[in-house]
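# A closer look at the structure
Residue-level listing of the chains:
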Amino acid sequence: GAKLYVSRAGRLHLAGFYSGKLHKHQITWLPREGEALSIAAAVNYFSSFITQSSHPTIALTDSKPCVQPSYFLPNGCQPLPSQPTTPGWESEPTV
């Protein structure tokens, strides 16, 4: 799911929700592919708000596999899929 917030008078206000469901063939995708799909679907859903706004858009996600590659973009290199570690990013164990 996703939420859209707008800034009014220096405060953030909730402006919309988005929730999607995977198609049958998408259930077998790797988790990082599903996370990337959900980010893209949410941005697409809210695209009319994003394109009409004069303010910069910030997309926040808690998906580590989708965030990690952005750390390598300024350096012009991408991590290999078999090397999903980034210095300084420690994940909490899940129970």
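Residues numbered from 1 in each chain as written. Predicted model: local features only at pLDDT ≥ 70, side-chain atom pairs only at ≥ 80, totals over all residues. Heavy atoms only, no water.

### A look at the packing of aromatic side chains
Given two aromatic rings, their pairing is described by the distance between the two centres and the angle made by the two planes. All chains considered together, the criterion is met by 3 aromatic pairs. Measuring from ring centre to ring centre gives 5.1 Å for Tyr45 and Phe46, while their planes differ by 80°; the resulting arrangement is edge-to-face. Classification of Tyr45 by relative accessible area gives partly exposed; the value is 46%. When its relative accessible area of 6% is taken as the criterion, Phe46 is described as buried. An aromatic cluster is present here, built from Tyr18, Tyr45, Phe46 and Phe49 joined pairwise through their rings. (Phe/Tyr/Trp six-rings, centres within 6.5 Å; stacked < 30°, edge-to-face > 60°. Buried < 20%, exposed > 50% of the residue type's maximum accessible area, 1.4 Å probe, protein only.)

### Regarding unusual backbone geometry
As a rule of thumb, non-glycine residues mostly have phi less than zero, and peptide bonds are mostly trans rather than cis. In this structure, Ala9 is a non-glycine residue whose phi angle is positive, near 55°. The residue Ala9 is located in the loop between β1 (2-8) and β2 (11-18) in this model. By relative accessible area, Ala9 is classed as exposed at 85%. (Helix = DSSP H or I, 4+ residues; strand = E, 2+ residues; numbered from the N terminus.)

### Side note on the pairing of β2
Inspection of the sheet shows β1 paired to β2 by 7 bridges, in the antiparallel sense. Of the residues in β2, the one forming a bridge with Leu4 is Gly16. Linking two consecutive strands that pair antiparallel, namely β1 and β2, is a turn of 2 residues; a positive phi of about 55° is found at Ala9 within it. (Pairing = 2+ DSSP bridges.)

### Topic: the confidence of the model for the protein
Per-residue confidence for the protein averages 77 on the pLDDT scale, and 74% of its residues sit at or above 70. Ranking the elements of the protein by mean pLDDT puts helix α3 (residues 64-72) last with 74 and β2 first with 90. Low pLDDT, under 50, characterises residues 83-95; the stretch is placed with 11 contacts to residues that sit more than four places away or in other chains. (pLDDT = per-residue confidence, 0-100. Contact = heavy atoms within 4.5 Å.)

### Quick word on the environment of Thr57
Along the chain, the position of Thr57 falls in the loop between α2 (47-52) and α3. A relative accessible area of 47% places Thr57 in the partly exposed class. A sequence separation of 51 residues divides Thr57 from Val6, and the C-alpha atoms of the two residues are 9.8 Å apart.

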